[in-house]
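Chains, contacts and geometry: an overview
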Amino acid sequence: MTDDERLEFASMVRKAKGSQSLSEFSKKTGVSKYQLSRIMNGKLKELPRKSTLQAIALNCEDMAVKMELGISLLGYKYETVNGIETRVDDDPREKLLSFLNLEVKMKRKEQIRFQVGRILAELSETSHTWMRKKMEDKLNLSLADHSLYIELLDDVKMKKWHFYFVPKSQKTDEFFYAFLGWLSCCQMGGDEKCILVPENERMYMQFLNKKPNCNVNLSVIYFDNDGFTESTEEYLQVVGGMTKEDIRSSAFLESTTVHMEDGEEIYFYKNRNADICEGEFT
């Protein structure tokens, strides 16, 4: 199982246990408390055997989980042995993995919808005149799993914003250098910027330590799904000749930080419905 599938299966079994104590659930299912604990903490590398899945399904408190496990445990397939077509029991784990993978994809789509909505909401709070446009054929989406293209209609330096939503299935280092390689082949203008939107905070923190080596406006943002907290756009790089005013005029989140080559950071803070003003140097 992948990490996401393990976590999804762990969540499924926790729902199956419901209000039952671990000891009670273990007694009813015949599965040891140690194994149940490992399952619910996402420690198993493979799905348990069919008898364990059956025991969990029979003693499940959550009807949706009971149905998913029940469907997985039913069914058969035909195999040809010595020229004779024979009906054999299907492996329920293959079906269950399909369920888990579908749940993972649905949750990721929900997260992307939240992030896109948050970006558009933040833009609507600014004085920018902007338009959401069909994404130009810039990035191969084998690197990112979604994209958003915004064009500002104001008289600002950075008019074209390309948001790329990076799934945690991507290894940060491999993605970043593949992304830089792709950028080096593209003809990005000085009026464009690429904004990376990682799936989780761990990736976001790792991106902040990266040092790009191509002449492109590149930033990274992250939104916590738990609430509309203050957020920052962190510029990893700005093209040569970009002034503080150019950067300030393209701000759209609560704050903007620019990481300079010499280690200096230029910081701006934006009050709601007010002009963007330069803050203290950090």
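Residues numbered from 1 in each chain as written. Predicted model: local features only at pLDDT ≥ 70, side-chain atom pairs only at ≥ 80, totals over all residues. Heavy atoms only, no water.

Re helix α8 (residues 201–208)
Among all positions in α8, only Met203, Tyr204, Phe207 and Leu208 are buried. Seen end-on, α8 carries its buried residues on one side only, within an arc spanning 145°. The inward-facing, buried residues of α8 abut β5 (160–166), α7 (172–185), β6 (192–198), β7 (217–220) and β8 (232–237). (Buried < 20%, exposed > 50% of the residue type's maximum accessible area, 1.4 Å probe, protein only. Helix = DSSP H or I, 4+ residues; strand = E, 2+ residues; numbered from the N terminus. Arc of directions from axis to C-beta. Contact = heavy atoms within 4.5 Å.)

A look at the nonpolar core
By size, the foremost hydrophobic cluster in this structure holds 26 residues, and its most contacted members are Ile119, Trp161, Phe163, Ile221 and Phe252. Secondary structure elements with two or more residues in this core: α6 (92–124), β4 (146–152), β5, β6 and β10 (265–270). When residues of this core are assigned to their parent elements, the largest contribution, 4 residues, is made by α6. Of all hydrophobic cores here, the second largest spans 23 residues; its members include Phe179, Leu196, Leu208 and Tyr222. (Core = buried A, V, L, I, M, F, W, Y, C linked by side-chain atoms within 4.5 Å.)

Let's talk about the pattern of salt bridges
Following the criterion strictly, the structure yields 10 salt bridges and no others. We note a salt bridge from Arg118 to Glu122, for which the minimum N-O separation is 3.0 Å. On the criterion of helical spacing, the pair formed by Arg118 and Glu122 is a turn pair, its members being 4 residues apart in helix α6. Residue Glu122 is classed as buried on the basis of its relative accessible area, which comes to 4%. In this structure, Glu151 and Lys133 form a salt bridge, with 3.2 Å as the shortest nitrogen-oxygen distance. A residue pair is termed long-range when its members are at least 10 positions apart, and Glu151 in strand β4 and Lys133 in strand β3 (residues 130–133) qualify at 18 residues. Classification of Lys133 as partly exposed rests on a relative accessible area of 35%. (Salt bridge = Lys/Arg side-chain N within 4 Å of Asp/Glu carboxyl O.)

Quick word on helix α2 (residues 22–29)
Structural remark: α-helix, 3.6 residues per turn; residues separated by three or four positions point the same way. Three or more residues of α2 are buried, namely Phe25, Ser26 and Thr29. Buried residues in α2, looked at end-on, bunch into an arc of 100°, giving them a common side. On its buried side, α2 packs onto α1 (3–17), α3 (33–40) and α4 (50–58). Following α2 by one or two positions, Gly30 has its phi on the positive side, about 80°.

Description of the packing of aromatic side chains
For the coordinates displayed, the defined rule picks out 11 aromatic pairs. Judged by centre distance (5.2 Å) and plane angle (50°), the rings of Trp161 and Phe252 are tilted. Within this pair, whereas Trp161 is found in strand β5, its partner Phe252 is found in the loop between α9 (244–248) and β9 (255–259), the two being separated by 91 residues in sequence. In this pair, the class of Trp161 matches that of Phe252, namely buried. Aromatic pair Tyr164 and Phe179: ring centres 5.8 Å apart, planes at 70°, arrangement edge-to-face. A residue pair is termed long-range when its members are at least 10 positions apart, and Tyr164 in strand β5 and Phe179 in helix α7 qualify at 15 residues. Accessibility expressed as a relative area gives 0% for Tyr164, which makes it buried. With a relative accessible area of 0%, Phe179 lands in the buried category. The cationic tip of Lys193 hangs over the ring face of Trp161; the distance from NZ or CZ to the ring centre is 4.0 Å. (Phe/Tyr/Trp six-rings, centres within 6.5 Å; stacked < 30°, edge-to-face > 60°. Lys NZ or Arg CZ within 6 Å of the ring centre and 35° of its normal.)

Treat this as a map of the structure, not an account of what it does.
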